[in-house]
There are 2 protein chains.
Amino acid sequence: VVHPKQPPKASDRSPTDEDATVERIGRRLRSALGPPPPGELWSGDDCAVIVSASGATLFTVDAVVAGVHFDSSLVSMADVGWKALTVAVSDVGAMGGRPTHAVMSVGAPLGTDLERLVDGVIEAATAWRCPVVGGDICAANDLFVSSAVTGLVDGPAPPVTRAGARPGDGIFVTGPLGASAGGLRLLRAGVVPEPGSPDAALCAAFRRPLARLDEGVAALEAAASAMMDVSDGLGLDLHRLASASGVGVALDDIPVAPGATLDEALGGGEDYELLIVVPDETRLIEQFAARGLRPPVRIGRCTDDPGQRDLRGVTMEPTGFRHRL
Amino acid sequence: VVHPKQPPKASDRSPTDEDATVERIGRRLRSALGPPPPGELWSGDDCAVIVSASGATLFTVDAVVAGVHFDSSLVSMADVGWKALTVAVSDVGAMGGRPTHAVMSVGAPLGTDLERLVDGVIEAATAWRCPVVGGDICAANDLFVSSAVTGLVDGPAPPVTRAGARPGDGIFVTGPLGASAGGLRLLRAGVVPEPGSPDAALCAAFRRPLARLDEGVAALEAAASAMMDVSDGLGLDLHRLASASGVGVALDDIPVAPGATLDEALGGGEDYELLIVVPDETRLIEQFAARGLRPPVRIGRCTDDPGQRDLRGVTMEPTGFRHRL
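Just so you know, these numbers come straight off a predicted model, no measurement behind them.

1. Let's talk about the side chain of S225 of chain A
Positionally, S225 of chain A belongs in the loop between α6 (213-221) and β7 (226-229). Setting aside residues no more than four positions away along its own chain, S225 of chain A makes contact with V160, T161, G164, A165, R166, D169, V277, V278 and P279 of chain A.

Set out below in structure tokens:
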């Protein structure tokens, strides 16, 4: 399996599982600072949910780091800027919200082409209608870009969390998976894809991932019971959603992007397609059609055995990218 | 002059001036993403100002980076966590606001003591009443912690920007300067200060800076015309405020922290005391007294010669920390 995200060189300290670390830290923060007011959600999902006079406000942060999330020899600085904002915006979309504002923090080695980085940020900010209203630039040995994004959920429906899936609900994705990992594989092999070819589409998926904002809103309006974006690989992310919801999953089929492999689709990550769980499948399909969106792809259903993680009757490993911390 | 912030090793590329870079990027963002709506302020100040149903919302981000903002051999991981949140909270205080929520992004080398880092974050979040509601942890070769903080300004007065100082206004700071730079100097020299000594106070100022939130609110209520926090050194930060306001400055006296030098007070940075400019000096002093705060220290006044940067009649250089970008 090719992972778009490559961990830095390991030391002799043993890695701790990322999910366990994140969960433990979230628990410590909530116990020291919380509990959140009613209706709010602090840590553990794609975004935090804050209740304000404007309604349910979403707040999230995500970072991309040279050598971990991207290889500066394979992507342009504009690609880095695009991706850095888009991955955080995607978290807002994954709860059914739309982004309102972003602030970005850049650590840059001397000589970094900040102008090109800003080109990509501006392209993404324009595409996602998410103005970057502030930021901070400092010196660093390795380039990193951290984006914090606020968002709003329109209407009375609460944001869609990871924890609401119920047995019997259908599981959908917004598009084929593995494109980003396949694109990275081609770029690493030095492939220069022909414009318009499937290879070019794979490389574009790696360099310029999309935030599925309209799809997220459509899912919210179709009363999705759970949702998240596929950032670390379907195997791992679906496992996270199922664990948060306390359900099992039985998958029938995984849509694989043309030119990508099933392993890349299951474990590659960085596709940023949405993983949507709904009790009313017809309503979801109709909502997507009404908005002129590509139809969502049904990949399976939730079951009442919380330990079940099956693909066509065979147990799946929760493969995907985990940071070694 | 000892700078608490040390730039990483230079390459053979020539450094660009940080302020010019930041200003150019801010200008590009504003021109590409449109002028902010009336009453809003995007980039160029301590925080962005967003108008929402809750009033004037502040939004800021700041990062600390190993080897740039701290030396892991001189500070504990808890100190890093404290500082990472406090420096962003300080930006909210510097506009007269109080923090509402934070999200934090951590890039950590394998084996980083994240539990201790979180200890410091929780201490700061508790001290500043700023719950950390979400975050992101990823692998990185050098530790960085980026904090995005939202805030609110109570009451009808707009947030205090850097740009409102007028000739004749008095210039104040909330306390003596240079403590942080002095503390770093002692720590580098291997000094182990006696508890309760002035040396211990200097080291604490470096390790555990304070956000002057009550002071910021008092200044707002005293109708301060301009304000910012002293993060990169008084010489540089006051130059920035004066330039944003289009005024000159004539300083009489700089309060130097016991054990620190005048150079450290002028150019050391990371004190996070507030720099406050007011037309009505008595009102400021009364507001501080009414809240039981340490009296603000008058250091000089604004003049109508926009090029003037004088200390006791002698031209000052705008010394302080600038990132080499």
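2. Digging into the sheet that holds strand β7 (residues 226-229) of chain B
Residues and elements named next belong to chain B. With respect to topology, seven strands assemble into an open sheet ordered β7-β9-β6-β10-β8-β11-β12, the strand pairing being mixed. The sheet is open, and its two edges are formed by β7 and β12 (314-315), each paired on a single side. By the bridge criterion, four bridges tie β7 to strand β9 (residues 274-278) in an arrangement that is antiparallel. Each bridged residue has a counterpart across the sheet, and for A226 the counterpart in β9 is V277. Strand contacts of helix α7 (residues 234-245): β6 (170-173), β7, β8 (248-251), β9, β10 (297-303) and β11 (309-311), with the helix running at about 150° to β7, the strand carrying the most contacts.

3. Re the sheet that holds strand β5 (residues 144-152) of chain A
Residues and elements named next belong to chain A. Taken in spatial order, the five strands line up as β1-β2-β5-β3-β4 in an open sheet, and their pairing is mixed. Two strands in the sheet have a free side with no partner beyond their single neighbour: β1 (48-52) and β4 (132-139). On average, each strand axis in the sheet is inclined to that of its neighbour by 20°, with strand direction left out of account. Pairing between strand β3 (residues 98-108) and β5: nine bridges, direction antiparallel.

4. Comments concerning the packing of aromatic side chains
Going through the model one piece at a time under the given rule, you end up with four aromatic pairs over all chains. A ring pair is formed by F144 of chain A and F144 of chain B, whose centres lie 3.8 Å apart and whose planes are at 5°; its orientation type is stacked. Placement of the pair is F144 of chain A in strand β5 and F144 of chain B in strand β5 (residues 144-152), with the two residues belonging to separate chains. For F144 of chain A, a relative accessible area of 2% gives the class buried. Between K83 of chain A and the ring centre of F206 of chain A, over which it is positioned, the NZ or CZ distance is 3.9 Å.

5. Some thoughts on the packing of helix α1 (residues 18-33) of chain A against helix α3 (residues 114-127) of chain B
When two helices pack together, their arrangement is captured by the angle between the axes and the distance separating the axes. Closest axis-to-axis distance for the α1 of chain A/α3 of chain B pair is 10 Å, and the angle between their directions is 25°. As far as their axial angle goes, α3 of chain B and α1 of chain A are roughly parallel. Of the two elements, α1 of chain A crosses α3 of chain B, and the hand of that crossing is right-handed. Residue-level contacts link T21, R24, I25, R28, L29, A32 and L33 of chain A of α1 of chain A to L114, E115, V118, D119, V121, I122, A125 and T126 of chain B of α3 of chain B. Tallied by class, the residues present in the contact of α1 of chain A with α3 of chain B amount to nine nonpolar, two polar and four charged.

6. Points about the interface of chain A and chain B
Taken together, the contact between chain A and chain B spans 66 residues of the former and 66 residues of the latter. Taking both sides of the interface into account, the surface hidden between chain A and chain B amounts to around 5,600 Å²; carbon and sulfur atoms contribute 69%. Together, R28, F59 and L110 of chain A form the three largest contributors to the area buried by chain A at its contact with chain B, with a combined 13%. Between the two partners, chain A and chain B, sit six salt bridges. Between the two partners, chain A and chain B, sit 14 residue pairs in polar contact (both at pLDDT 80 or more). Put simply, the parts of the chain that give the side of chain A that touches chain B at least two residues each are α1, β1, β2 (55-65), β3, α3 (114-127), β4 and β5 of chain A. Along the lines of polarity and charge, the residues of the side of chain A that touches chain B split into 37 nonpolar, 17 polar and 12 charged.

7. Brief notes about the packing of helix α4 (residues 179-188) of chain B against helix α5 (residues 198-207) of chain B
Residue and element names in this part refer to chain B. At a minimum axis separation of 7 Å, α4 and α5 run at an interaxial angle of 105°. Relative to α5, α4 is oriented roughly perpendicular. Together, A179, S180, G182, G183, L184, L186 and L187 of α4 and D199, L202, C203, A205, F206 and R207 of α5 make up the contact between the two elements. A per-class count over the contact of α4 with α5 returns eight nonpolar, three polar and two charged.

Calculation rules
Residues numbered from 1 in each chain as written. Chains lettered and ligands numbered in written order. Predicted model: local features only at pLDDT ≥ 70, side-chain atom pairs only at ≥ 80, totals over all residues. Heavy atoms only, no water. Helix = DSSP H or I, 4+ residues; strand = E, 2+ residues; numbered from the N terminus. Contact = heavy atoms within 4.5 Å. Pairing = 2+ DSSP bridges. Axes fitted to C-alpha atoms, helices over the stretch in contact; angles between N-to-C directions. Phe/Tyr/Trp six-rings, centres within 6.5 Å; stacked < 30°, edge-to-face > 60°. Buried < 20%, exposed > 50% of the residue type's maximum accessible area, 1.4 Å probe, protein only. Lys NZ or Arg CZ within 6 Å of the ring centre and 35° of its normal. Parallel < 35°, antiparallel > 145°, perpendicular 65-115°, else oblique. Left-handed = near helix turned anticlockwise from the far one by under 90°. Nonpolar A, V, L, I, M, F, W, Y, C, P; charged D, E, K, R; others polar. Buried area = accessible area lost by both parts, 1.4 Å probe. Salt bridge = Lys/Arg side-chain N within 4 Å of Asp/Glu carboxyl O. Polar contact = N/O pair within 3.5 Å; in protein donor to acceptor, adjacent residues only side chain to side chain.

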